[in-house]
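Architecture and fold: a report
In case you want the letters, here they are:
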Amino acid sequence: MSTTAVPPRFVLWREVLFAYLAPALSAGVGGLLTGRPELVLAALTSIGGTSAMVAFLFGMWLRYREVRWTWPRRMPPAALAVGFGLGSAALGAVVAQLLCRTSWFPERIRIDVPIAAALAAAIVVWRWCSIQRKEDRR
């Protein structure tokens, strides 16, 4: 009896779900353990929400562009993850600065958004690269 392994697929809804849950749970638990209710609220909103949004945007972009571009497949996954993570952090910092100019958003947005954007972009790009490499080897 032979068993064939089904290759992993890049499933966007799964990436977005875990991009929301991982930082929201870790920051939420940290807020509960330290007794900081503002961190629990930020975990569910600005941290988890930013991470999910960035994962969705990068996931859609990678799925759309994977047929047209070959350069992401040729680059090392670590280099792509670092590059996209730093770019996302920079863009997130600009967006956070603009959001903090209004009185509607708390100051902690300046920290939450760039960090969540960088981590989500790096993880989604890394996972996409690893799945593409496995598919290329078949």
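Now for a description of the structure that goes with this document. (Residues numbered from 1 in each chain as written. Predicted model: local features only at pLDDT ≥ 70, side-chain atom pairs only at ≥ 80, totals over all residues. Heavy atoms only, no water.)

**Concerning the side chain of Ser 51**
Relative to the assigned elements, Ser 51 resides in helix 2 (residues 37-65). With residues up to four places along the chain from it excluded, the contact list for Ser 51 reads Ala 19, Pro 23, Ala 116 and Ala 120. (Helix = DSSP H or I, 4+ residues; strand = E, 2+ residues; numbered from the N terminus. Contact = heavy atoms within 4.5 Å.)

**Section: the packing of aromatic side chains**
Taken as a whole, this structure holds 3 aromatic pairs when the rule is applied. Seen in terms of ring centroids, Phe 58 and Phe 84 are 5.4 Å apart; in terms of plane orientation they differ by 85°. Their pairing is edge-to-face. Of this pair, Phe 58 sits in helix 2 while Phe 84 sits in helix 4 (residues 77-100), and the two are 26 residues apart along the sequence. Neither residue differs from the other here; Phe 58 and Phe 84 are each classed as buried. In this structure an aromatic cluster arises from ring pairing among Phe 58, Trp 61 and Phe 84. Here the guanidinium or amino end of Arg 14 rests over the ring plane of Trp 13, the centre of that ring lying 5.9 Å away. (Phe/Tyr/Trp six-rings, centres within 6.5 Å; stacked < 30°, edge-to-face > 60°. Buried < 20%, exposed > 50% of the residue type's maximum accessible area, 1.4 Å probe, protein only. Lys NZ or Arg CZ within 6 Å of the ring centre and 35° of its normal.)

**As for the nonpolar core**
The tendency in soluble globular proteins is for nonpolar side chains to be buried side by side. Judged by nonpolar contacts, the single largest core of 19 residues is most densely connected at Phe 10, Val 54, Phe 58, Val 124 and Val 125. Looking at this core, the elements that each hand over two or more residues are helix 1 (12-34), helix 2, helix 4 and helix 5 (109-137). Here this core takes 8 residues from helix 5, the largest share from any one element. When neighbours within four sequence positions are excluded, Phe 58 is seen to be in contact with Phe 84, Ser 88, Ala 121, Val 124 and Val 125. Leu 39, Ala 42, Ala 43 and Ile 47 belong to the second-largest nonpolar core, a separate cluster that totals 5 residues. (Core = buried A, V, L, I, M, F, W, Y, C linked by side-chain atoms within 4.5 Å.)

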